[in-house]
Amino acid sequence: MQDGCISADGQAHLESLQTGKMPVCFVPFAVCVISRYPYFNALKDCLSCLLVQLRPFKDLDVEEHIKEFAAKLFLIPSPPPGPLHLVFNMKPLQIIIPSREDPDSPIIDLDLHLPLLCFKPEQVLQIMTCILTEQRIVFFSSDWALLTLVAECFMLYLHPLQWQHTFVPLLSRQMLDFVMAPTTFLMGCHTDNFEEVSTETEDLILINIDNGDITNSKMAKEEPEIPDVPAQAAETFIKRVESLQLHYDLELCHLRASTDLSELQMRRRAWQQKLNMEVQQMTLQLIVNIFREVKDHLNYEHRVFNSEEFLKTRAIGDQPFYKKVLETYMFHSFLKARLNRKMDAFARLEFSTQSEEDRLNSMFHTPRRLTMEKMAYKRFNPRYMISKRMVISMPNLQDIKLPESPARNSSLRRTETGIAVKMPSKSVSMFKLPEIHFPLMFQCVHSYYTDFFNHLSKAINTLPPDNSALLARYFYLRGLISLMQGKLLNALSDFQNLDKTDLRIFPTDLVRKIVETMSPAERSQADRKPELKKLISRVMEKQREVMKIDDRVKNFELPKTHMQLDDFVKRIQESGIVKDLDTIHRLFDALTVGHQKQIDPETFRDFYNYWKETEAEAQEVNLPPAVIEHLDKNECVYKLSCSVKTNYGVGKIALTQKRLFLLTEGGHPGYVQIAAFRDIEDVKSTTVAFLLLRIPTLRIKTLSKKEAFEANLKTECDLWYLIVKEMWAGKKMADDHKDPQYIQQALTNVLLMDAVVGALQSSKTIYAASKLSYFDRMRNEVPMMVPKTTSETLKHKINPSAGETFPRAIDVLLYTPGHLDPSERPGNAHPKLWCALNEGKVVVFDASTWSIQQHCFKMGHSKLTCMIMVEQSQVWIGSQDSIIYIINTHSMSCNKQLNDHRSDVTDIIVDKKNGTPSEAYSSSLDGTVIAWNISTLKVNRASQLPCQRLTSIKLHNDQLWCCTGSCILVVSTHEFQLQMKIEHHLKDVCSYFLCFQLFPERDEVWASYAGSSDLYVWNTKELSSVPQKIHLQDCSEITCMIRVKNQMWIGSSGRSQGKSKGKIYVISAEKKTVEKELVGHADTVKALCSAEDRYILSGSGKEEGKIAIWKAE
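Looking now at the overall build of the protein chain. Within the protein chain, the regular secondary structure consists of 32 helices and 46 strands. Every one of the 1113 residues in the protein chain was classed for burial, and the buried ones make up 53%. Long-range contacts, defined as pairs at least 24 residues apart, comprise 57% of the intrachain contacts of the protein chain with a sequence gap of at least 6.

Glancing now at the pairing of strand E21 (residues 832-836). The element E21 is largely enclosed, with a buried count of five among its five residues. As judged from the five bridges shared by strand E20 (residues 812-816) and E21, these two strands associate in the antiparallel manner. In the sheet register, Val812 faces E21, and the bridge partner there is Ala836.

Considered for burial, the residues of helix H13 (residues 329-339) that qualify are Met330, Phe331, Phe334, Leu335, Ala337, Arg338 and Leu339. Buried residues along H13 sit against helix H5 (121-132), helix H10 (261-291), strand E8 (298-299), strand E9 (304-305), helix H12 (319-325) and helix H14 (345-352). Arg341 sits one or two residues past H13 and shows a positive phi near 55 degrees.

With respect to the helices, strands and loops of the structure, Val539 is situated in helix H23 (residues 530-545). Using a relative accessible area of 2% as the deciding quantity, one classes Val539 as buried. Once the C-alpha coordinates of Val539 and Thr508 are considered, the two residues, 31 residues apart in sequence, prove to be 6.7 Å apart.

Two elements in contact, helix H18 (residues 442-462) and helix H19 (residues 468-484), have axes separated by 10 Å at closest approach and are oriented at 155 degrees. Comparing their axes, H19 and H18 come out roughly antiparallel. Two packed elements cross with a definite hand, and for H18 against H19 that hand is left-handed. Across from Tyr449, Phe452, Phe453, Leu456, Ser457, Ala459 and Ile460 in H18, the residues of H19 making contact are Leu471, Tyr474, Phe475, Leu477, Arg478, Ile481, Ser482 and Met484.

The subject of this paragraph is the pairing of strand E35 (residues 978-983). Summarising the sheet, strand E34 (residues 967-972) and E35 pair through five bridges and their orientation is antiparallel. When the sheet's bridge partners are listed, Val971 is paired in E35 with Leu978. Here E34 folds back onto E35 in antiparallel fashion, the turn holding five residues, of which Phe976 has a positive phi close to 60 degrees.

Once that is clear, we can look at the state of the cysteines. Applying the stated criterion across every chain yields a total of zero disulfides. Here Cys153 is not disulfide-linked; the sulfur of Cys118 is the nearest cysteine sulfur, at 9.0 Å.

Another aspect to go through is the sheet that holds strand E1 (residues 84-89). What the three strands build is an open sheet, ordered E2-E1-E10; its pairing is mixed. Because the sheet does not close on itself, it has two edges, and the strands there are strand E2 (94-97) and strand E10 (429-432). Averaged over all pairs of adjacent strands, the angle between their axes in this sheet comes to 30 degrees, without regard to strand direction. With four bridges joining them, E1 and E10 adopt parallel strand pairing. Of the residues in E10, the one forming a bridge with Leu86 is Phe431. On the sheet, H19 packs against E1 and E10 and is oriented at approximately 50 degrees with respect to E1.

At their nearest, the axes of H19 and helix H20 (residues 488-496) sit 8 Å apart, and the two run at 165 degrees to each other. Judged by the inter-axis angle, H19 sits roughly antiparallel to H20. By crossing handedness, the relation of H19 to H20 is classed as left-handed. Residue-level contacts link Phe475, Tyr476, Arg478, Gly479, Leu480, Ser482 and Leu483 of H19 to Leu488, Asn490, Ala491, Asp494 and Phe495 of H20. Looking at side-chain class alone, the contact of H19 with H20 contains seven nonpolar, three polar and two charged residues.

Considering all chains together, one arrives at 33 aromatic pairs under this definition. On the numbers, 5.4 Å between centres and 70 degrees between planes, the contact of Phe154 with Tyr157 is edge-to-face. Linking Phe154 with Tyr157, this pair stays in helix H6 (residues 144-157), spanning three residues, or about one helical turn. Across the pair, Tyr157 and Phe154 agree in class, each one buried. Members of the aromatic cluster, each reached through a chain of ring pairs, are Phe291, Phe305, Phe310, Phe321, Tyr322, Phe331, Phe334 and Phe346. Its guanidinium or amino end placed over the ring of Tyr742, Lys1106 lies 4.5 Å from that ring's centre, counting from NZ or CZ.

Counted according to the given criterion, the structure contains 46 salt bridges. Note that Asp494 is salt-bridged to Arg478, the shortest N-O span being 2.8 Å. Of the two residues, Asp494 is situated in helix H20 and Arg478 in helix H19; the sequence distance between them amounts to 16 residues. With a shortest N-O distance of 2.9 Å, Asp958 and Lys913 are connected by a salt bridge. Here Asp958 is found in the loop between strand E32 (950-956) and strand E33 (959-964), whereas its partner Lys913 is found in strand E28 (residues 905-913), with 45 residues between them in sequence. Given a relative accessible area of 35%, Asp958 falls into the partly exposed group. Under the relative-accessibility criterion, Lys913 is labelled partly exposed at 38%. Each member of the salt-bridge network shares a partner with another, and the members are Lys295, Asp296 and Glu350.

What follows is about the side chain of Thr129. Counting through the fold element by element, Thr129 comes out in helix H5. Residue contacts for Thr129: discarding those within four places in its chain leaves Ile226, Pro227, Val229 and Phe321.

What follows deals with the sheet that holds strand E37 (residues 1004-1009). Pairing is antiparallel in the open sheet, where four strands are placed in the order E36-E37-E38-E39. The sheet terminates laterally at strand E36 (993-999) and strand E39 (1028-1031), the two strands that pair on one side only. Taken pair by pair, the neighbouring strands of this sheet meet at an average axis angle of 25 degrees, ignoring direction. Bridging between E37 and strand E38 (residues 1014-1019) involves five bridges; their strand directions are antiparallel. Among the inter-strand pairings, Trp1006 is bridged to a residue of E38, identified as Val1017.

Glancing now at the nonpolar core. Grouped together as the largest cluster of nonpolar side chains are 67 residues, with contacts concentrated most on Ile131, Phe139, Phe154 and Phe291. Top element by residues in this core is H10. It accounts for 10 residues. The next biggest cluster of nonpolar side chains, apart from the first, holds 64 residues, and it includes Trp611, Val756, Ala769 and Leu772.

Attention now goes to the confidence of the model for the protein chain. As a general rule, the predicted coordinates of low-pLDDT regions are not to be interpreted in detail. Scored by pLDDT, the protein chain comes out at a mean of 86, with 88% of its residues at no less than 70. When the criterion is pLDDT under 50, residues 1-10 qualifies, and its contacts beyond four places in sequence or with other chains add up to seven contacts. Segment residues 384-420 is flagged for pLDDT under 50; beyond a separation of four residues in sequence, or across chains, it makes 91 contacts in the model.

Within the fold, Asp754 resides in helix H29 (residues 741-760). Distance in space between the C-alpha atoms of Asp754 and Phe607 is 9.7 Å, their sequence separation being 147 residues. Once residues within four sequence positions are removed from consideration, Asp754 is found in contact with Tyr610, Thr614, Lys639 and Leu719.

Between Lys91 and the following residue, Pro92, the backbone shows a cis peptide bond with an omega angle of 10 degrees. Note on placement: Pro92 falls in the loop between E1 and E2. That bond from His159 to Pro160 is cis: its omega, 10 degrees, falls within 30 degrees of zero. Looking at the element boundaries, Pro160 is found in the loop between H6 and strand E4 (166-168).

Let's shift gears to helix H25 (residues 581-591). Taken together, the buried positions of H25 are occupied by Thr583, Ile584, Arg586, Leu587, Phe588, Ala590 and Leu591. The inward-facing, buried residues of H25 abut helix H24 (565-575), helix H26 (601-619), H29, helix H30 (765-770) and helix H31 (774-781). If you check the start of H25, you find a side-chain oxygen 3.4 Å away from the backbone N of Asp582, and it comes from Asp580.

Scoring rules and cut-offs
- Residues numbered from 1 in each chain as written.
- Predicted model: local features only at pLDDT ≥ 70, side-chain atom pairs only at ≥ 80, totals over all residues.
- Heavy atoms only, no water.
- Helix = DSSP H or I, 4+ residues; strand = E, 2+ residues; numbered from the N terminus.
- Buried < 20%, exposed > 50% of the residue type's maximum accessible area, 1.4 Å probe, protein only.
- Contact = heavy atoms within 4.5 Å.
- Pairing = 2+ DSSP bridges.
- Axes fitted to C-alpha atoms, helices over the stretch in contact; angles between N-to-C directions.
- Parallel < 35°, antiparallel > 145°, perpendicular 65-115°, else oblique.
- Left-handed = near helix turned anticlockwise from the far one by under 90°.
- Disulfide = S-S within 2.5 Å.
- Nonpolar A, V, L, I, M, F, W, Y, C, P; charged D, E, K, R; others polar.
- Phe/Tyr/Trp six-rings, centres within 6.5 Å; stacked < 30°, edge-to-face > 60°.
- Lys NZ or Arg CZ within 6 Å of the ring centre and 35° of its normal.
- Salt bridge = Lys/Arg side-chain N within 4 Å of Asp/Glu carboxyl O.
- Core = buried A, V, L, I, M, F, W, Y, C linked by side-chain atoms within 4.5 Å.
- pLDDT = per-residue confidence, 0-100.
- Polar contact = N/O pair within 3.5 Å; in protein donor to acceptor, adjacent residues only side chain to side chain.

In structure tokens:
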């Protein structure tokens, strides 16, 4: 800016020499705002306001005003992550400081659609590829502002992947030598420097923002290849870009003209926020579509990524892209996050868009094969017409040259290209900051903080308690203000409130620093407040317990030395072939038949290569439509025989998980059913005479056909005999035990047999393969007859430990009914089954399909003891670490916890007045009972009962029934006054009450003692009389009980057919007799829960770790 005019020829300077007056010099004056946060639009608005404000000031006043401007910005806090933006007045504009969406999300305060205005969608994908493959990239523009904004947009498009290298979006002419750096970078230059950069530096990707050109530097000896983004992901992205409304003027056409500046600003901001969200969803969907199948090639236990296998399952046209990306630092960091099971934006979207089939498949570790549905899709999709997989899936083999082909993505997971994944928009609140008064002296700053504190306190007091998300942000900000005022205890109290409002934004490091800087007097004062003392203890202990996260990522490699059993187990698990320990032990026995008990590298390589080659060949099985129509859409062909002669004709025998069929040969290949596994009556391996020869023949007799099937399988006969018998036995076990996992295990066994025979190629191969005939051997050695009553009552079994290396005990089960909420995704309306495993893990099933809905929550590291749905949006989970964790059922995340107990939380119950939850009660092992306000999560009342071992509580008629070791106490819910007491009545002083149930309609209490097989029933009106005893046959100890209608279901450990089992006894409440004995578990029944009194669910101990679903009478 300058107020005078000086001529170019220096006339004014000459005049000044003649008059003797000093000339007035004008120099550029710049104001630069530096912030650690990328508030591009907010700070641009602030500088725009400053420019308006400076115009009327003189030189000296300008400097003073800029100091006030800087001080004002310094006093503005950055909002915590979540639904609260801050607003302050900068005259003439209202400045909005946006928050990030969640703690893992970036701050977005710029127009994300800018690159879409500068480049075509195909070019955006090219630039994304350059970034993902970590090229040396330079952006050019004649507009300095565009350089930073466009570069920042591309960084945000990558989220949650992060650029790991040098990032300098603005380079001045004096800094141009930076582009000669040999490392990966992303930089930006003015277009005036384009020729200089392009001619003096090689191997650069040059991107001109002004005209949309993407070129290479002229010094390059050969143009670097920029591979294409995988075709299906690219197609989806391009369609979504084309559907966006990128021009604000078109949005204004149907709106009235606004005469108010603030209204114009807010209208534009609302449009931009909506568009930003659409762009975020679109780019995140692109990243998910590109990397979705990475998880299929990860081994979480040993932190291994099988990159060879991942590459060879990609389409030929997509392999150049993945080869480059897999070598980058960015992808390596992405792998670390996946192996750490980080629930970030990628994981949430990937899981929410997973197909039902994929969720079901995740429950069984089954070898990858094409289902009939995918085979039909592949057959008739033009993209796959030419796409034939030419690579044999083996590591360490010489690369095979691939023919040129337009083939693209071989991923058979269908992506709906025309449908955008709509995420629910989240409402955001604004909090207006108080005015800052000048001159900026201590009194003014103190007054500002006082006003700020009072504004926040008023907002907290007027906000309804169910709006915990907003409350948490107010507590967080008030804690910061108290900290700035030097009121450390007040700050700690506000931060402590985040436990009950939103734990995710708890500033652990800041609280630790506060504690470390407290004076002895302040620390002593804090220790006198129990809640602050526990907070300080927790934060400081967490610092001591901090362990370095194991972030190694190993690539799978074939072994180079001999392996003992333990090393073999690890290698097989790393390879992804099978995870189950028992199965791997049997495989080890098979591969070491006739040898020392160790496996040499050559044998392992031959086995691994045969397995992967068979898997690759199976992907290419292409059945004609006439055959596919006879099979279920989820069936897969797992094995094909050679062409053989049978009494049904000549053809190949095909094995699926449900049946055997003959793929007949001739002019028109056809389908002939051989047998469904459940219909098989007998299987024999015989020989038939042909001239002077005896030809090995497989004979299969079924229940539905008089004529047996015969196939002259010759050298394959013995192997197919083992395969069919194993599948037959596995199917029978699956049907008898209502457990579909058995058939999946049988499939794995037969494919392992096949690989063993293919790898060993010796005279003992069939004997070796027979070591893997687990189900057939079980049927022959120990006939497993399921009792008729059990078979009729049992409906289904599921395994929450599927995909783990060993089963985990089921500690608690909870069923929550479905509900309809318009704001929720349809899947969230389904009923759910919550399953607590050991070490604080919770798995959630969709109870309408019994597929896994949420793989794993982690609630600390201790055993979980109880779960209850307190209200429709909250599930409370008690733990032995004395914490009650609160799950939000809408977001399926844990962001609150209650820390008021001092010992193991043992039980939680809800008091429902007129069907509406009013209060929750929780108990802990030390005898503490707490009554909670469900809305505010505040303690209404608390009491210490006169007992040492409080294990469970029940509620009836405003009375709490409390089970302790020595007695059952009955106290009032209002004052916790003792009203009744049921004394321990056994002579065995070592015994104690283990569990109990109320039957209020019958005025009865049912209870059991530790180590006892007897059930005792008291009449609550005659507690002095001797309780009625019900003896349970073949029971070692009663472990849990639940009331269902007019029955009591009792879980126990017992014996059946001479073996230790988990048994369930169904007892008539009226007759006090056992109506049913159900033997459905191979280990102790540890948990029972009811599903609307229609079904009962039982969970077993760590030897089995499965859930049985029973029909209630």
